[in-house]
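Chains, contacts and geometry: an overview
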Amino acid sequence: MSLSVALLARLPPEVAHAVALETAARLPDAALRLIARRQAVRDPRLEVRAFGLTFPSPIGLAAGYDKDALAVRALFAFGFGHVEVGTVTRAPQRGNDGPRLTRVRSARALVNRLGFPSAGVDVVVGRLRRLRARGPLPGVLGVNIGKNRDVPLDRAPDEYAALTLAVADVADYVAVNVSSPNTEGLRSLQTGAALRALLGAVVSARAASRTRPPVLVKLSPDLTEADLAALVDEALAAGVDGLIATNTTLSREGLPAAAQGLVGGLSGAPLARRSLEVLRQLARRVDGRVPIVSVGGVATAEDAVERLRSGATLVQLYTALVYRGPVLVRDLSLGILDAYASGLRAPG
């Protein structure tokens, strides 16, 4: 663990997160260039082609870390091939009351019940427009979208369509979040007619946009194999370009007894096994028709390589970054290069 990570670990989790983001956001260009030279692994062998986009590395940052797009340039300097900001809601909202983020250090895990705290889509889009006006980004930028908690479920298709149109000209891809466990009723949008209506509205909105970014759907790890299969079929029928698996889980498997009663979505090491199972189920169902982004419990180069071997085109992380710091991104990239040299076939 680096000194900076150790110091942040002494602060309450949300305070530490805010300090880390604010510090990264304030780094001057010269510092970012120095960090990128030392930290980012840019090797042509790492490049991945997916969703019609070129990713300089298969390693990306999952949504939830930089919800309001405060530190995108710094995150790319750390070596990520893509950064997914959000979840972004249409109107600003505080999210759930605190405390709402808990470290479970013994399990290398986090439990969060944040509930989509967001500055709102207008603020985030304005920030991303200013960012892009400074020149091309060194990687792919995704925007993860979700409904405000006071929006009724029957209005969700219109809400997600409006969000898609709002972010289309600043996002390289749009990720549809219907799988967070921390907004009441949200996960009911993952199935049947509700999912069909929502994805139909999103894909229609994408078609009406000037840039027409790829649309991905983020899935829950708590679905049965039959429900996952049905979701995949609906998503592909709607014209979705890819899948992200998985969001956080309501399971408490792998947590010590003292943490079993924590409320919210669990991420980190205890999620790894289930996330890998879901990836393998999806890979069989999708059969190469769309790329899959694997996220959940990725903490080592071996984890990342196993996800690529199991059918993932791209890999994301979040919780392990909290515990190990940005050096992890470099370690994973070098580990993947070693695996390629040993015979692993590159995705894309």
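Read on for an overview of the structure.

Some details on the sheet that holds strand β11 (residues 265-268)
Read from one edge to the other, the open sheet built from three strands follows the order β5-β6-β11, with strand pairing classed as antiparallel. Every interior strand has two partners, whereas the edge strands, β5 (101-104) and β11, have only one. Strand after strand, the sheet turns through a mean of 20° between neighbouring axes, direction not considered.

A closer look at the pattern of salt bridges
Scanning the entire structure with this criterion turns up 18 salt bridges. The salt bridge involving E234 is made with R196; its shortest N-O contact spans 2.6 Å. Of this pair, E234 sits in helix α8 (residues 225-238) while R196 sits in helix α7 (residues 192-208), and the two are 38 residues apart along the sequence. The partly exposed category is assigned to R196, whose relative accessible area is 47%. Taken together, the shared-partner salt bridges in this structure form one network comprising D29, R73 and R134.

Structural notes on the pairing of strand β13 (residues 314-317)
Alternating residues of β13 divide into L314 and Q316 and V315 and L317, and every residue in both groups is buried. Sheet topology places strand β3 (residues 59-61) next to β13; three bridges connect them, and they run parallel. Looking at β13, one finds that I59 is bridged to V315. Both strand β12 (residues 292-295) and β13 contribute to a ladder of three bridges, which runs parallel. Within β13, the position partnered with S294 by the bridge is V315. In this region the chain leaves β12, passes through helix α10 (residues 301-309) and returns to the parallel neighbour β13; the handedness of that crossover is right-handed.

Re the sheet that holds β13
Around the barrel, eight strands lie side by side as β3-β4-β7-β8-β9-β10-β12-β13; this closed barrel has parallel pairing. Pairs of neighbouring strands in the sheet enclose a mean axial angle of 25°, with direction left out of account. Pairing of β3 with strand β4 (residues 82-88), which is carried by two bridges, proceeds in the parallel orientation. Its bridge partner lying in β4, G60 is registered against H82. Lying over the sheet, α10 contacts β3, β12 and β13, oriented at roughly 145° with respect to β13.

Thoughts on helix α2 (residues 13-25)
Look at α2: 18 Å from first C-alpha to last across 13 residues, which is about the 18 Å you get at 1.5 Å a residue. If you check which residues of α2 are buried, you get P13, A16, H17, L21 and A24. With its buried residues spanning 125° around the axis, α2 presents them on a single face.

Thresholds applied
Residues numbered from 1 in each chain as written. Predicted model: local features only at pLDDT ≥ 70, side-chain atom pairs only at ≥ 80, totals over all residues. Heavy atoms only, no water. Pairing = 2+ DSSP bridges. Helix = DSSP H or I, 4+ residues; strand = E, 2+ residues; numbered from the N terminus. Axes fitted to C-alpha atoms, helices over the stretch in contact; angles between N-to-C directions. Salt bridge = Lys/Arg side-chain N within 4 Å of Asp/Glu carboxyl O. Buried < 20%, exposed > 50% of the residue type's maximum accessible area, 1.4 Å probe, protein only. Right-handed = clockwise from strand over helix to strand, strands pointing away. Contact = heavy atoms within 4.5 Å. Expected span 1.5 Å × (residues − 1). Arc of directions from axis to C-beta.

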